[in-house]
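A look at the structure
The chain contents come next:
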Amino acid sequence: MKVFVTRQIPAAGLDRIRNVCDCEVWPDRLPPSRDQLLEKSAGCDGVLSLLSDRIDAEFFDHVGPQLKVVSNFAVGYNNIDVAEADRRGIAVGNTPGVLTDATADIAVGLLLAAARCFREGIDNVTHEQWKTWEPMGFIGQDLVGKTIGIVGMGRIGAAVARRLHFGWGMSVLYTARSEKPEIDDQFNARRVEFSTLLAESDFVSIHTDLNPQTEKLFGDETFAQMKPTSVLVNTARGGIVDQQALHRALQAGTIFAAGLDVTEPEPLAADSPLRSMGNCVILPHIGSGTVASRDAMATIAADNLLAGLNGQPLPHRVAAN
Ligand code: NAP
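Residues numbered from 1 in each chain as written. Predicted model: local features only at pLDDT ≥ 70, side-chain atom pairs only at ≥ 80, totals over all residues. Heavy atoms only, no water.

What to know about the sheet that holds strand β5 (residues 91-93)
Rules: Strand pairing follows a simple DSSP-based rule, namely that at least 2 bridges must link the two strands. By definition, any uninterrupted DSSP run of H or I lasting at least four residues is a helix, any uninterrupted run of E lasting at least two residues is a strand, and each is numbered from the N terminus. Here an angle of 0 to 180 degrees is reported between the N-to-C directions of two axes, which are lines fitted to C-alpha atoms, with helices fitted over the stretch in contact. Two residues qualify as a contact provided that any one of their heavy atoms is within 4.5 Å of a heavy atom in the partner residue.
Spatial ordering of the open sheet is given by β2-β1-β3-β4-β5, a layout of 5 strands whose pairing is parallel. Two strands lie at the open edges of the sheet, namely β2 (22-25) and β5, each paired on one side alone. Across the sheet, the mean angle separating the axes of adjacent strands is 15° when strand polarity is ignored. Here strand β4 (residues 69-72) runs beside β5; their pairing, made up of 3 bridges, is parallel. Pairing of Ser-71 across the sheet is with Gly-93, part of β5. Across the face of the sheet, helix α1 (residues 11-20) comes into contact with β1 (2-5), β2 and β3 (46-49) while running at roughly 140° to β2.

Here it is, written out as structure tokens:
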């Protein structure tokens with residue numbers, strides 16, 4: 001079986017693929033270009049992809065009808081046209097569950113960093129502006145007893161709610177497509193309308209997948225409904241937030257601060273004004289970046305790939321939205 005792996009991934013998964021497949025791995029730190037992706041994948045029976053690889057009808061046409069499986073090294077799969085894969089009988093897999101805690105930790109870290117002015121503080125030290133203790137400087141927002149609004153109460157949303165409810169005594173509001181009685185019981189949480197969540201939350205953390213309903217969910221009108229003291233955290237997908245509207249909101253003081261692990265595009269454009277905002281903490285998409293999570297992701301991605309190649313059900317197969 002011929003396989004293309006579009007980037008170096010942990011040996012926990014890669015070795016198992018190499019043991020049984022004719023496997024080529026993209027060796028560079030940067031992803032293959034579109035042309036390189038199409039060229040290397042052509043004739044393959046399986047492809048192990050990353051979220052930076054666009055997998056669509058053109059890709060499937062190029063690779064050929066022998067393609068059985070695309071295994072995405074991520075829980076999100078908005079880079080893949082799953083409906084088109086379904087139509088062609090190509091299985092698509094993802095890696096859910098094993099990056100939940102790692103990503104939730106980054107969301108809480110960003111919330112704390114943005115609420116308590118870490119970026120201004122670090123810039124102050126790094127740029128040799130630190131002259132004295134400042135009674136009027138770096139004044140942030142309290143966390144204890146405040147309200148967290150979780151947009152998308154799935155695995156990661158619940159893990160964030162757990163940390164903030166039991167750690168900081170926060171009240172939990174959330175949106176989701178379906179009712180979650182077990183979440184309501186565990187965290188004394190309330191499922192509310194989006195507009196209620198925006199108006200009542202001190203912190204808003206995004207945990208939906210990127211889909212047609214959530215694309216650019218946060219824009220000028222959304223920010224206008226949030227508290228001026230509020231903090232937005234996004235560890236889901238950059239496309240859920242209109243980055244220019246976010247910049248306007250941060251600059252005008254419509255909201256207090258933001259913490260982003262994801263942006264649109266990634267990396268953020270070199271001249272993006274968000275890069276230089278003191279009240280915007282940005283990380284380069286490191287949510288799942290722990291040894292255990294990345295090893296487990298590699299293992300699941302290999303399991304999905306090998307199952308698909310063997311014509312067996314994928315342990316974690318995704319369906320079109
Ligand atoms: P999940 O368990 O599938 O949770 C997604 C939640 O979003 C579900 O509860 C779903 O509601 C909700 N949702 C979907 N559309 C919605 C809408 N229009 N309005 C309100 N809620 C909506 O996924 P997860 O494992 O928690 O991961 C969530 C996302 O995080 C992934 O899709 C990925 O994009 C991102 N992620 C990022 C990193 C990182 O490195 N930063 C790492 C892992 C994941 P229902 O339950 O009612 O369907």
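A word on the UniProt feature "domain: D-isomer specific 2-hydroxyacid dehydrogenase catalytic" (unreviewed entry) in the chain
Threshold: UniProt positions are given in the numbering used here, feature names are shortened, and annotations may be inferred rather than shown by experiment.
Mapped onto this structure's residue numbering, the UniProt feature "domain: D-isomer specific 2-hydroxyacid dehydrogenase catalytic" (unreviewed entry) falls at residues 3-318. Counted over residues 3-318, helix gives 37% and strand 14%. Its end C-alpha atoms are 20 Å apart.

Observations concerning the sheet that holds strand β7 (residues 171-175)
A sheet is described by the order of its strands in space; here 7 strands give the open sequence β8-β7-β6-β9-β10-β11-β12, paired in parallel fashion. Unpaired on one side and paired on the other, β8 (190-191) and β12 (280-282) mark the two borders of the sheet. Relative to the sheet, helix α5 (residues 100-115) contacts β6 (147-151), β9 (203-206), β10 (231-234), β11 (257-260) and β12, its axis offset from that of β10 by approximately 150°.

Quick look at helix α12 (residues 291-309)
Using the following cut-off: The span one expects for a helix is its residue count, reduced by one, times 1.5 Å. Here's how the labels work: a residue is buried when its accessible area is under 20% of the maximum for its type, exposed when over 50%, partly exposed in between, all with a 1.4 Å probe on protein chains only.
Taking 1.5 Å of rise per residue, 19 residues should cover 27 Å, and α12 covers 27 Å from first to last C-alpha, within 8% of that figure. Turning to α12, its buried residues are Ser-293, Met-297, Ala-298, Ile-300, Ala-301, Ala-302, Asn-304, Leu-305, Leu-306, Ala-307, Gly-308 and Leu-309. Those residues of α12 that are buried lie in contact with β1, α1, β3, β4, β5 and α5. Backbone geometry just downstream of α12 places Gly-311 in the positive-phi region, at approximately 70°.

Some details on unusual backbone geometry
A cis amide bond links Glu-264 with the next residue in sequence, Pro-265, at an omega value of 0°. Looking at the secondary structure, you find Pro-265 in the loop between β11 and β12. At Glu-128, a residue that is not glycine, the phi angle is positive and equals roughly 55°. Inspection of the secondary structure assignment puts Glu-128 in the loop between α6 (118-126) and β6. Its identity is not glycine, yet Phe-138 carries a phi of approximately 55°, on the positive side. Here Phe-138 is to be found in the loop between α6 and β6.

Details of the pairing of β6
Counted only if it meets this: Throughout, right-handed denotes a crossover for which the path from the first strand over the helix to the second runs clockwise when the strands point away from the viewer.
For β6, a buried count of 5 out of 5 residues is recorded, marking the element as mostly surrounded by other parts of the structure. What you see with β6 is no split at all: Thr-147, Gly-149 and Val-151 on one side and Ile-148 and Ile-150 on the other are buried throughout. Handedness of the crossover is the feature at issue here: the chain leaves β6, passes through helix α7 (residues 155-168), returns alongside β7, and the resulting connection is right-handed. As paired strands, β6 and β9 are joined by 4 bridges and run parallel to one another. When the sheet's bridge partners are listed, Val-151 is paired in β9 with Ile-206.

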